[in-house]
Amino acid sequence: MEFVLIRHSLTPGNLEKQYVGSTDQPLAPEGEALARERRERMPEVDGLWVSPLKRCRQTAELLFPGMEQRIIQDLQECDFGDYECKTWEELKDEEIYRAWIGGDMTVTFPHGESMEHFIARCRRGIQTVAQEAKAMGLQRPAIVAHGGTWLVVMGTFGRPECKLYDWQVKNCGGFRVSVQENPFTLKLLEEL
């Protein structure tokens, strides 16, 4: 089985270079246009899972019109707490932020989610989708989620193994991967 892993399209916060985590922003007009433009270049898929946030559901509808969307809560973006909708410029002097950007995956965002919790739920979420898709006999489902979600998922399960931040993906971009069991891995076939 293959997965098509897609990051949602552009939001107003993305255009402002903000950390938009659990804030439920819709797509910006530029994001809608980008998704429409990318639709023709998306691989054929036979199932669709999405993060519950509006930007993912809207992207999924634009990329795969009329396809049933299955919500997967565990693939929602991290709750950045007090860092929600802030920019690098606003956060650059924050100690926790600097640790996180430096690769510390044990931080907890002030009034937000711990990275350890976020990582655990993303791992659980992608494995849940794999189990459900296999049970349904699907060959190539798509999953529309978030940049942070794909960093964590590919940083954990992606092959070839890379540094976490090497898995950054642009808005409305993603990866086509082959899903392997025992151990669970996602082998990169193509960047989208």
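Every value quoted in this text rests on a predicted model; they were computed, and no experiment measured them.

(A) Main features of the pairing of strand β1 (residues 2–7). Taken across its 6 residues, β1 has 6 buried, putting it largely inside the fold. Of the two faces of β1, the one holding Glu2, Val4 and Ile6 and the one holding Phe3, Leu5 and Arg7 are both buried throughout. One ladder, built from 5 bridges, connects β1 with strand β6 (residues 174–180); its direction is antiparallel. Each bridged residue has a counterpart across the sheet, and for Phe3 the counterpart in β6 is Val177.

(B) Representation of the sheet that holds β6 in the model. If you trace the 7 strands from one edge of the open sheet to the other, you get β3-β2-β4-β1-β6-β7-β5, paired in mixed fashion. Bordering the open sheet on either side are β3 (70–71) and β5 (158–159), each of which pairs with just one other strand. The pairing of strand β2 (residues 48–50) with β3 spans 2 bridges and is classified as parallel. If you follow Val50 over to β3, its bridge partner there is Ile71.

(C) Spotlight on the packing of helix α6 (residues 115–135) against helix α7 (residues 147–157). Where α6 contacts α7, the two axes come as close as 9 Å, and the packing angle between them is 75 degrees. Between α6 and α7, the angle is such that the two are roughly perpendicular. Contacts from Phe118, Ile119, Cys122, Arg123, Ile126 and Gln127 of α6 reach α7 at Gly148, Thr149, Trp150, Val152, Val153, Thr156 and Phe157. Its residues assigned to classes, the contact of α6 with α7 comprises 8 nonpolar, 4 polar and 1 charged.

(D) Quick look at the pairing of strand β7 (residues 185–191). Sheet analysis places β5 next to β7, joined by 2 bridges and oriented parallel. The residue of β7 that forms the bridge with Gly158 is Leu186. Bridging between β6 and β7 involves 6 bridges; their strand directions are antiparallel. The residue bridging Arg176 from the neighbouring strand is Glu190, located in β7.

(E) Representation of the packing of aromatic side chains. Throughout the structure, instances matching the rule amount to 11 aromatic pairs. Summarising the aromatic geometry, the rings of Tyr19 and Phe80 are spaced 5.8 Å apart at their centres and angled 70 degrees between planes, so their arrangement reads as edge-to-face. With Tyr19 in the loop between α1 (12–15) and α2 (29–39) and Phe80 in the loop between β3 and α4 (88–91), this residue pair connects regions lying 61 residues apart in the sequence. Each ring, one from Tyr83 and one from Phe109, has its centre 5.8 Å from the other, and the planes form 75 degrees; the classification is edge-to-face. Residue Tyr83 is located in the loop between β3 and α4, and its partner Phe109 is located in the loop between α5 (95–101) and α6; the two are separated by 26 residues in the primary sequence. For Phe109, a relative accessible area of 1% translates into the label buried. Here the aromatic cluster, defined as three or more aromatic residues joined through ring pairs, consists of Tyr19, Phe80, Tyr83, Tyr97, Trp100 and Phe109. Over the face of the ring belonging to Trp49 we find Arg70, whose NZ or CZ atom lies 5.1 Å from the ring centre.

The rules we used
Residues numbered from 1 in each chain as written. Predicted model: local features only at pLDDT ≥ 70, side-chain atom pairs only at ≥ 80, totals over all residues. Heavy atoms only, no water. Buried < 20%, exposed > 50% of the residue type's maximum accessible area, 1.4 Å probe, protein only. Helix = DSSP H or I, 4+ residues; strand = E, 2+ residues; numbered from the N terminus. Pairing = 2+ DSSP bridges. Axes fitted to C-alpha atoms, helices over the stretch in contact; angles between N-to-C directions. Parallel < 35°, antiparallel > 145°, perpendicular 65-115°, else oblique. Contact = heavy atoms within 4.5 Å. Nonpolar A, V, L, I, M, F, W, Y, C, P; charged D, E, K, R; others polar. Phe/Tyr/Trp six-rings, centres within 6.5 Å; stacked < 30°, edge-to-face > 60°. Lys NZ or Arg CZ within 6 Å of the ring centre and 35° of its normal.

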